[in-house]
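The lines below spell out each chain.
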Amino acid sequence: MVHPLNVEGVDPFEFAQRAADQIAQKTSVEHHDIALTLGSGWSKAADLIGETVAEIPANDIAGFHKPAVAGHIGTIRSIKLPSGKHALIIGARTHFYENHGVRAVVHSVRTAAKTGAKTMVLTNGAGGIRPEWDGGAAVLISDHINLTASSPLEGANFVDLTDLYSSRLRGLAKEVDASLDEGVYVQFRGPHYETPAEVQMAKKMGGDIVGMSTALEAIAARESGMEVLGMSLITNLAAGVQKTPLSHEEVIAAGKAAEAKISKLLAEIVSKL
Ligand code: 8IG
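Notes on the structure follow. (Residues numbered from 1 in each chain as written. Predicted model: local features only at pLDDT ≥ 70, side-chain atom pairs only at ≥ 80, totals over all residues. Heavy atoms only, no water.)

Here we look at the environment of Ala 117
Piece 1. Considering the arrangement of structural elements, one finds Ala 117 in the loop between helix H3 (102–114) and strand E5 (119–128).
Piece 2. Distance in space between the C-alpha atoms of Ala 117 and Ser 224 is 9.8 Å, their sequence separation being 107 residues.
Piece 3. When sequence neighbours within four positions are dropped, the list of residues in contact with Ala 117 reads His 32, Asp 33, Ile 34, Ala 35, Ala 112 and Met 226. (Helix = DSSP H or I, 4+ residues; strand = E, 2+ residues; numbered from the N terminus. Contact = heavy atoms within 4.5 Å.)

So, in structure tokens, the structure goes:
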């Protein structure tokens, strides 16, 4: 089946506008200020950020579908923060490895921008290359290396990616927790985890974190004029750094163990945005 965003003649921004209109109608919230994509391990943060105004199945919004991965919630929520701002919580991420094309991957980000969001918080579960990040560490993304060989931008659209992961927003996060480490996120296509040799390649390139999301979404967020904050929960050390084989069960368990801590952290950071 062809994904609706890939049908000939479809404009991805018009499609995002349609999705945003549906969100406004179904949540009765005209305008959102901040959007958060909550990846593996991060979903509980939504409960701490503010008061849920509405929650809708992702399926009900144009271009969204149920998540392919256990550990993702599959809904879109509108939350009112104590500051009075409105946050859009995207609990359904389309990964590049699902093969729906890059438009589908960044549709949620473009939709968030069309709801009015000026800040995009992208979170994920990921593998750590630095051995000291073993116990469910939360790390700020300082930059990325995109190894998907793809871009969400179409045509001769030369978008600047300097300071893509806003140093201003990283500074705000460090006001909450000065001990937060930063790292360069390397997006691989997946869905297989890396070989140990690929992890060493990523390390030599300057990478600290390996994952299967976020970089393409961050590019689209910048294209749409949003300021980006990226955070990874290190649920496992990357292949070869960790001596035991990687498993999705391990990732889910590490996410659960870190859930309370990182949710509180993220809620405190969001209160500063
Ligand atoms: I959670 O070790 C999680 N996601 N590419 N490598 C990649 N993605 C991941 C990993 C990992 N852990």
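Let's pick the thread back up.
Some thoughts on the nonpolar core
Piece 1. Core analysis: the biggest nonpolar cluster contains 38 residues, and Met 120 and Ile 209 have the highest contact counts within it.
Piece 2. At the level of elements, helix H1 (12–27), strand E4 (86–90), H3, E5, strand E6 (138–146), helix H6 (215–223) and strand E9 (227–237) are the ones that each hand at least two residues to this core.
Piece 3. Ranked by residues supplied to this core, first place goes to H3 with six residues.
Piece 4. Those residues in contact with Met 120 that lie beyond four places of it in its chain are Ala 35, Leu 36, Thr 37, Ile 90, Val 109, Ala 112, Ala 221, Met 226, Glu 227, Val 228 and Leu 229.
Piece 5. Formed by 29 residues, the second largest nonpolar core is a distinct cluster that contains Met 231, Leu 266, Val 270 and Leu 273. (Core = buried A, V, L, I, M, F, W, Y, C linked by side-chain atoms within 4.5 Å. Buried < 20%, exposed > 50% of the residue type's maximum accessible area, 1.4 Å probe, protein only.)

Focus on the layout of surface pockets
Piece 1. In this structure, the largest pocket occupies an estimated 390 Å³ of space.
Piece 2. Around the largest pocket sit 25 residues that line it, and Ser 40, Gly 125, Tyr 193, Met 212 and His 248 are the ones nearest its centre.
Piece 3. Breaking the lining of the largest pocket down by element, the ones donating at least two residues are E5, strand E8 (209–211), E9 and helix H7 (248–270).
Piece 4. Looking at the lining of the largest pocket, the element that brings in the most residues is E5, giving four residues. (1 Å grid on protein atoms, 1.4 Å probe; cavity = no way out; pocket = protein on both sides within 12 Å on 5 of 7 lines; lining within 4 Å. Points joined across faces, edges and corners; volume = space filled by probe spheres on them.)

A word on the packing of H1 against H3
Piece 1. Where H1 meets H3, the closest approach of the two axes is 8 Å, and the angle between their N-to-C directions is 55°. If you check the angle between H1 and H3, you find them oblique. Of the two elements, H1 crosses H3, and the hand of that crossing is right-handed. For the pair H1 and H3, the contacting residues are Pro 12, Phe 13, Phe 15, Ala 16, Gln 17, Ala 19, Ala 20 and Ile 23 in the first and Arg 103, His 107, Arg 110, Thr 111 and Lys 114 in the second. (Axes fitted to C-alpha atoms, helices over the stretch in contact; angles between N-to-C directions. Parallel < 35°, antiparallel > 145°, perpendicular 65-115°, else oblique. Left-handed = near helix turned anticlockwise from the far one by under 90°.)

Section: unusual backbone geometry
Piece 1. Geometrically, the link from Gly 190 to Pro 191 is a cis peptide bond, its omega value of 0° lying close to zero.
Piece 2. Within the secondary structure, Pro 191 is located in the loop between strand E7 (181–187) and helix H5 (196–204).
Piece 3. Despite not being glycine, Ala 149 shows a phi value in the positive range, around 60°.
Piece 4. With respect to the helices, strands and loops of the structure, Ala 149 is situated in the loop between E6 and helix H4 (167–176).
Piece 5. Residue classification places Ala 149 among the exposed positions, given a relative accessible area of 82%.
Piece 6. In this model, Asp 163 sits at a positive phi of 55°, which is unusual for a non-glycine residue.
Piece 7. Checked against the element boundaries, Asp 163 lands in the loop between E6 and H4.

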